[in-house]
Amino acid sequence: SAPDFMSVREGNRVFEKVEAYSTGVFTLLGAGEPQEVRGASVSDGMFELLGLPLAVGRGFDPAEHRPGQGKVSVLDYGFWQRAFGGRNDVLGRKVTVGGDSYTIVGVLGQDARLPDVADMYAPLEFGETFSATTATSRRSEYLDVIGRAREGITDAQVMDDLRRLGTQ
């Protein structure tokens, strides 16, 4: 859940960085025939955590993770090739995904991807439930979370810290 993610992100003692993403299937309009695409909403440091380079364009600005501000998209390299012919003029192009209009701002590098494959990426919006102090929405579990342990931290230390956070 969003509050659990923020609790781990803000309260852990073992991770260098903690990020989250959520995936789904959507209808894409504006790139030829309507088609289903796999989408992922990613937190503000996901591309950096995984070391995912960009082939063209940029990633997401911090402001784009605020509710209503993140109507931008980064394309998967293979999807860029298939749907847009690998054209650099794709940057700035608007497409409609799931009924919302998105501006394409970047393309991931050729071998860059999350553990779950996606065609398009959007900023994960940090709404009001993204607070470690909230008691609401803790059962709304829809995020996958990835963390990078600090150097020298053992698996046992990670598990102990996650247990500690879980009891809080």
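All figures in this text were calculated on a predicted structure; none of them were measured in a lab. (Residues numbered from 1 in each chain as written. Predicted model: local features only at pLDDT ≥ 70, side-chain atom pairs only at ≥ 80, totals over all residues. Heavy atoms only, no water.)

Caption draft 1: Broad picture of helix α1 (residues 2-11). Among all positions in α1, only Ala2, Pro3, Phe5, Met6, Ser7 and Val8 are buried. Here the buried face of α1 lies against β1 (15-29), β8 (144-149) and α4 (155-167). (Buried < 20%, exposed > 50% of the residue type's maximum accessible area, 1.4 Å probe, protein only. Helix = DSSP H or I, 4+ residues; strand = E, 2+ residues; numbered from the N terminus. Contact = heavy atoms within 4.5 Å.)

Caption draft 2: The arrangement of the nonpolar core in detail. By size, the foremost hydrophobic cluster in this structure holds 17 residues, and its most contacted members are Val42, Phe47, Phe60 and Tyr121. If you list the elements that add at least two residues to this core, you get β2 (35-42), α2 (46-49), β4 (72-75) and β6 (100-108). For this core, the leading source of residues is α2, giving 3 residues. Setting aside chain neighbours within four positions, we find Phe60 in contact with Val42, Phe47, His65, Val72, Ser73, Val74, Val105, Tyr121, Ala122 and Pro123. In terms of nonpolar packing, the next biggest core, distinct from the first, is built from 16 residues, Phe79, Phe84, Tyr102 and Ile104 among them. (Core = buried A, V, L, I, M, F, W, Y, C linked by side-chain atoms within 4.5 Å.)

Caption draft 3: Region of interest: α4. Its 13 residues place the ends of α4 19 Å apart at the C-alpha level, agreeing with the 18 Å of an ideal helix rising 1.5 Å per residue. Residues of α4 that are buried include every one of Val158, Asp161, Arg164 and Leu165, and no others. Buried residues in α4, looked at end-on, bunch into an arc of 125°, giving them a common side. Exposed residues on α4 whose side chains face more than 90 degrees from its buried face are Asp155, Gly166 and Thr167. Next to the buried residues of α4 lie α1, β1 and β8. (Expected span 1.5 Å × (residues − 1). Arc of directions from axis to C-beta.)

Any functional reading would require information that these geometric values do not contain.
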